[in-house]
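Fold and contact review
Read off the chains here:
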Amino acid sequence: MLSKFLPFRYVLAIAVAVAWLGCHGHPPQDFERERLMMGTIFKVKVHDAVGNLSKKRFYEISEAVFEEIARLEQILSEWLTESPVSAANRQAGLQPLPVPREVVELAKEALKIS
């Protein structure tokens, strides 16, 4: 008797929405992890609007993000004596020193921004 109160197109729209949610359906969910790295807090946040992301998969993704940040820290940190940036700082004005392409590209981008 719902159709007495609502026009047919609304009943049809509700039926389609219920059917679609039943087929695809998980509620939206948010995931977040944070880690202290490079002297600051890095956060990885994901809003899964369709509810298809598992906690395990989010953990794998966020772990990959944190691993990439740690890798970049090894290259770019001026505080780590073995990093290419620290080596370049020690040799500044003394002699040329090869550095990874990533360092050169980042320096170029920084110059554009500054």
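In the block above lies the structure referred to throughout.
Conventions used here
Residues numbered from 1 in each chain as written. Predicted model: local features only at pLDDT ≥ 70, side-chain atom pairs only at ≥ 80, totals over all residues. Heavy atoms only, no water. Pairing = 2+ DSSP bridges. Helix = DSSP H or I, 4+ residues; strand = E, 2+ residues; numbered from the N terminus. Core = buried A, V, L, I, M, F, W, Y, C linked by side-chain atoms within 4.5 Å. Buried < 20%, exposed > 50% of the residue type's maximum accessible area, 1.4 Å probe, protein only. Contact = heavy atoms within 4.5 Å. Salt bridge = Lys/Arg side-chain N within 4 Å of Asp/Glu carboxyl O. Polar contact = N/O pair within 3.5 Å; in protein donor to acceptor, adjacent residues only side chain to side chain.

**Quick look at the pairing of strand β1 (residues 29-37)**
- As defined by bridge partners, β1 adjoins strand β2 (residues 40-48) across nine bridges and the pair is classed as antiparallel. Bridged to Gln29 within β2 is Asp48.
- Hairpin connection of β1 to β2: two residues between the antiparallel strands, including Met38 at a positive phi of 55°.

**Topic: the nonpolar core**
- Formed by Phe31, Met37, Val44, Leu53, Phe58, Phe66 and Ile69, the largest nonpolar core amounts to seven residues.
- Listing elements by their share of this core, those giving two or more residues are β1 and α3 (55-76).
- In contact with Met37, other than residues within four places in its own chain, are Phe42, Phe66, Ile69 and Ala70.

**Things to note about the pattern of salt bridges**
- If you walk through the whole model with that rule in mind, you get nine salt bridges.
- Note that Arg71 is salt-bridged to Glu68, the shortest N-O span being 2.8 Å. Taken together, the residues span about one helical turn, with Arg71 and Glu68 both in helix α3 at a distance of three residues.
- Note on Arg71: relative accessible area 34%, which makes it partly exposed.
- A salt bridge links Lys112 to Glu109, with the nearest nitrogen and oxygen atoms 3.1 Å apart.

**Notes on unusual backbone geometry**
- Despite not being glycine, Met38 shows a phi value in the positive range, around 55°.
- Turning to its location among the elements, Met38 is positioned in the loop between β1 and β2.

**So, the side chain of Ser86**
- With respect to the helices and strands, the residue Ser86 is situated in helix α4 (residues 84-91).
- Judged by its relative accessible area of 5%, Ser86 is buried.
- One polar contact links the side chain of Ser86 to the main-chain carbonyl oxygen of Leu80, over a distance of 2.8 Å.
- The residues touching Ser86, leaving out its near neighbours within four places in the chain, are Ser77, Glu78, Trp79, Leu80 and Thr81.

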